[in-house]
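Coordinate inspection notes
Each chain is listed here by its residues.
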Amino acid sequence: MDPVFSAVGFLVLVIVYRVYRRYTGISLADVPGPESPSFMMGEDHKRQRKVLSPGFGAPESKAFLPLFQGCAESVGTEVTPYSLNSHQQRDPSQLSNKWMDVIMNSKEQSAVLNIPAWLSRATLDAIGEAAFDVRFGSIDNEESALARAYSNMMNDIFGSPSNERIFFREVSKYIPDRILQYLVETSNNPGIQRAREVASLATSLARQMVTDKAEMLLQGKGNRDVFSLLGVCTPSFRSSTSNRSTVKANMDTDAKEKLTEEELYALMRTILLAGHETTSNTISWALLELARHPEMQSRLRAEIRETEVAIHARGDTEFTVTDLDDMTYATAFIKEVLRFHPVVYQVYRCANQDDVLPLSQPITTRLGKVIHELPVQKGTRIVVSVAAYNRNKDLWGDDAHVFNPERWINGAAKEKKATSIGVYSNLMTFLSGARACIGWRFAVIEIQAFLTEVVGKFEFTLIDQSGRVRREASGVMTPTLEGEVEKGVQLPLRVSVALQAESGY
Ligand code: HEM
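Residues numbered from 1 in each chain as written. Predicted model: local features only at pLDDT ≥ 70, side-chain atom pairs only at ≥ 80, totals over all residues. Heavy atoms only, no water.

Digging into the overall build of the protein
Basically, it comes down to this: Helix and strand definitions follow DSSP, with helices as H or I runs of at least four residues and strands as E runs of at least two, each counted in order from the N terminus. With a 1.4 Å probe rolled over the protein chains alone, any residue whose accessible area is under 20% of its type maximum counts as buried; one over 50% counts as exposed, and the rest are partly exposed. When checking whether two residues touch, look at their non-hydrogen atoms; a contact exists if any pair is within 4.5 Å. All accessibility values rest on the Shrake-Rupley procedure with a 1.4 Å probe; residue burial counts only the protein chains present in the view.
For the protein, the count of helices and strands is 21 helices and 12 strands. In the protein, which comprises 505 residues, the proportion classed as buried is 55%. Excluding contacts between residues fewer than 6 apart, the proportion of contacts in the protein whose partners are at least 24 apart in sequence is 71%. Within the structure as shown, the protein displays about 21,900 Å² of accessible surface, and the carbon and sulfur contribution to it stands at 54%.

Structural data, given as structure tokens:
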């Protein structure tokens, strides 16, 4: 049977079904907020998506490369946690400078680092600058309220659910929305409390950012961050800032397209969360694969060196987006990481009408009947497995469960399938259709920038503990250690300074 049919079936699913979020029982809505695009449906979702889209186009995302390079590397200046950027200074997050300091100050000239803990803070800084033109300074200050709030957050809220929590998730679908909301708002459950704390901190931060941003724009210091690009701070917004509660007037568009104040804050919370936990965990899994496969690491580093030589030869110092895209091996490696480790491993939908799904392959029911399509009743909850699609042998070949970047170079990944699904290289990682990840270009460029920087400078090797790395399904797929799951996100690797010349390539 043509595998494309499964893709078509999936696409139908994505287009027809609405988002259904109450699967958690805790309601993830408490983190980004029920007014955020990920929880909106129908026309409300379309309206928010329309407002967001201009900030996430190809040119806008490409323009963030220097900023990501700054967060991954670079020279910096003193930073106070949470300060608005004047953009006369580069972002000082300096992940690799920090790692260099740690290594140089160690006796062994290498250090065991808990990779995701660092990356989470570095990508939080990156999203702060790119989306809001704000420096969080979390890489410099791991004790900052924001860094602490987000540290291990997904695991605390969704990881290793107790039997009671699993039971509550199941019964929550029978509890009316308002009662469920009340339970979420008042419960003493540690996970729910944690979600409430993060939501409240992120909301007050969002308020402060909107107020400060308006002030800056009034002084004529606008910038190219996502929120400025979105028009959040258009002239109509500026004039409304005499009464800052009227953030509603933020859009220079039709009244029906404007965001309410709550929607704006929820949107900011969504971007804060979706924009950093996803990329930081993806880069962490990427570094684990490089440590597991030293030959891939050497090959990637050799390609980085080769490109650096070409960049210097033309008189430049930094990689451009074209340089990054032209690195064949790096591109193949990143695509394979996104295929093999989709951090959003599944999404949830609920049928909003009776429907029939076409099947790529017939199914034999328990009663022995062979069916070619699947009737779906209105109200049916569906778990869409991104991970299963990305490892489907019909689509990726018999070695679908093997981490093999080569498939993207030798054509085996069949990027050009008859029906294209997914926004990036036929992967389901960023989903597809009307609710596909809006930040996928942004994410790909950020991953390219961070990997190029850290792999160019450092060598990553496994330590004994690395053999115990396991996946924890906590909304986002996070690494934890077998036997130490309660300690939260852990992916320890030995990091040392990389040789300047890569042998063998
Ligand atoms: C490797 C990185 C990323 C992955 C794998 C990823 C994956 C996804 C997936 C699968 C969805 C759909 C979720 C659903 O409908 O249930 C989604 C939605 C979303 N993502 Fe991402 N994402 C990534 C990075 C980012 C970044 C960097 C941003 C922002 C800067 C972002 C912003 C969003 C937003 C706002 C939505 C909601 C879109 C909507 O409902 O219309 N994501 N993402």
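Section: helix H9 (residues 163–172)
The line we're drawing: Think of it as the arc spanned by the lines of direction from the helix axis to the C-beta atoms.
Among the residues of H9, Arg 165, Arg 169 and Ser 172 are the ones counted as buried. The arc that holds the buried residues of H9, viewed along the axis, is 70 degrees, so those residues lie on one side. Exposed positions of H9 whose direction lies more than 90 degrees from the buried face are Asn 163, Glu 164 and Phe 167.

Concerning the state of the cysteines
Applied cut-off: Only a pair of cysteine sulfur atoms within 2.5 Å qualifies as a disulfide here.
The full count for this structure, using the stated rule, is zero disulfides. Looking at Cys 71, it has no disulfide partner, and the nearest cysteine sulfur is the one in Cys 437, 18 Å off. In this structure Cys 71 comes out as buried when scored by relative accessible area, which is 0%. A residue is classified by how much of its surface remains accessible, and Cys 437, at 32% relative accessible area, is partly exposed.

Some points on the pattern of salt bridges
Under the convention used in this document: The salt bridge criterion pairs a side-chain nitrogen of Lys or Arg with a carboxyl oxygen of Asp or Glu, the two atoms within 4 Å.
Applying the stated criterion across every chain, the model contains 17 salt bridges. Arg 194 serves as the salt-bridge partner of Asp 156, at 2.8 Å between the closest nitrogen and oxygen. Residue Asp 156 is located in helix H8 (residues 153–158), and its partner Arg 194 is located in helix H11 (residues 190–218); the two are separated by 38 residues in the primary sequence. Where Arg 301 meets Glu 459, a salt bridge forms, and the shortest distance between an N and an O atom there is 3.9 Å. Remark: Glu 459 occurs in strand E9 (residues 458–461) and Arg 301 occurs in helix H16 (residues 294–313); sequence separation between them is 158 residues. Its relative accessible area of 0% is what places Arg 301 among the buried residues. Residue Glu 459 is classed as partly exposed on the basis of its relative accessible area of 28%. Linked through salt bridges whose partners overlap, the residues forming this network are Glu 336, Arg 339, Asp 399 and Arg 407.

Details of the coordination of the iron atom of the ligand
Six octahedral donors around a metal ideally make angles of 90 or 180 degrees; four tetrahedral donors ideally make 109.5 degrees. The criterion, for reference: Here the term donor refers to an N, O or S atom within 2.8 Å of the metal (or 3.2 Å for Na, K and Ca), and because water is left out of the atoms, sites may appear incomplete.
The sole protein-derived ligand of the iron atom of the ligand is Cys 437 (SG), positioned 2.3 Å away. With respect to the secondary-structure elements, Cys 437 resides in the loop between helix H20 (393–396) and helix H21 (440–457).

Some words on the nonpolar core
Nonpolar side chains in soluble globular proteins tend to end up buried together. Formally: We define a nonpolar core as any set of buried Ala, Val, Leu, Ile, Met, Phe, Trp, Tyr and Cys residues linked to one another through side-chain atoms lying within 4.5 Å.
Ranked by size, the top nonpolar core spans 115 residues in total, and within it Trp 99, Leu 287 and Phe 460 carry the most contacts. Per-element tally for this core: the top contributor is H21, with 11 residues. Leaving out residues up to four positions away in the same chain, Trp 99 has contacts with Leu 113, Ile 115, Trp 118, Leu 287, Val 454, Phe 458, Phe 460 and Val 495.

Considering the UniProt feature "binding site: heme" (unreviewed entry) in the protein
Put simply, the rule reads: UniProt positions are given in the numbering used here, feature names are shortened, and annotations may be inferred rather than shown by experiment.
As recorded in UniProt, the sites labelled "binding site: heme" (unreviewed entry) are Cys 437. Discounting residues that sit within four places of it in the chain, Cys 437 has contacts with Arg 49 and Phe 430.

Topic: the packing of helix H15 (residues 277–292) against helix H18 (residues 328–340)
What counts here: Note on geometry: axes are lines fitted to C-alpha atoms, helical ones only across the stretch in contact, with angles between N-to-C directions running from 0 to 180 degrees. Angle categories: roughly parallel below 35 degrees, roughly antiparallel above 145, roughly perpendicular from 65 to 115, and oblique for all the rest. In this scheme the handedness of a crossing depends on how the near helix is turned from the far one: anticlockwise by less than a right angle means left-handed, clockwise means right-handed. Asp, Glu, Lys and Arg are counted as charged, while Ala, Val, Leu, Ile, Met, Phe, Trp, Tyr, Cys and Pro are counted as nonpolar; the rest, among them Gly, fall into the polar class.
For the pair H15 and H18, interaxial distance at closest approach is 10 Å and the crossing angle is 110 degrees. When the axis of H15 is compared with that of H18, the two are roughly perpendicular. In this structure, the crossing between H15 and H18 has a hand that is right-handed. Residues Thr 282, Ala 286, Glu 289 and Leu 290 of H15 pack against Phe 333, Val 337, Leu 338 and Phe 340 of H18. Class assignment of the residues belonging to the contact of H15 with H18 gives a composition of six nonpolar, one polar and one charged.

A few points about the packing of aromatic side chains
Inclusion rule: Ring geometry is summarised as follows: Phe, Tyr and Trp rings, the Trp one being its six-membered ring, pair when their centres sit within 6.5 Å, and such pairs are stacked at plane angles under 30 degrees, edge-to-face over 60 and tilted between the two. Charge over a ring is defined by NZ of Lys or CZ of Arg lying within 6 Å of the ring centre and within 35 degrees of the ring normal.
The final tally for this structure, using the stated rule, is 13 aromatic pairs. Ring plane angle 85 degrees and centroid distance 5.5 Å describe the contact between Phe 340 and Phe 403, whose orientation is recorded as edge-to-face. Here Phe 340 is found in helix H18, whereas its partner Phe 403 is found in the loop between H20 and H21, with 63 residues between them in sequence. The exposure class of Phe 403 is buried, given its relative accessible area of 7%. Centre to centre, the rings of Tyr 424 and Trp 440 are 5.7 Å apart; their planes meet at 35 degrees, and the pair counts as tilted. Of this pair, Tyr 424 sits in the loop between H20 and H21 while Trp 440 sits in helix H21, and the two are 16 residues apart along the sequence. Side by side, Tyr 424 and Trp 440 carry an identical accessibility label, which is buried. Site record: aromatic cluster; members linked through ring pairs are Phe 56, Phe 64, Phe 68 and Phe 442. A cation over a ring is seen here: Lys 335 above Tyr 424, with NZ or CZ 5.7 Å from the ring centre. We note Arg 391 situated over the ring of Phe 340; from NZ or CZ to the ring centre the distance is 3.8 Å.

Comments concerning the pairing of strand E11 (residues 476–481)
Formally: For two strands to count as paired, DSSP must find a minimum of two bridges between them.
Of all six residues making up E11, six are buried, and the element is well covered by its neighbours. Because side chains alternate across E11, one face comprises the buried residues Val 476, Thr 478 and Thr 480, and the other comprises Met 477, Pro 479 and Leu 481, equally buried. As defined by bridge partners, strand E10 (residues 469–474) adjoins E11 across six bridges and the pair is classed as antiparallel. Paired with Glu 472 across the two strands is Thr 478, which belongs to E11. Between E10 and E11, which pair antiparallel in sequence order, lie one residue; one of them, Gly 475, sits at a positive phi of approximately 80 degrees.

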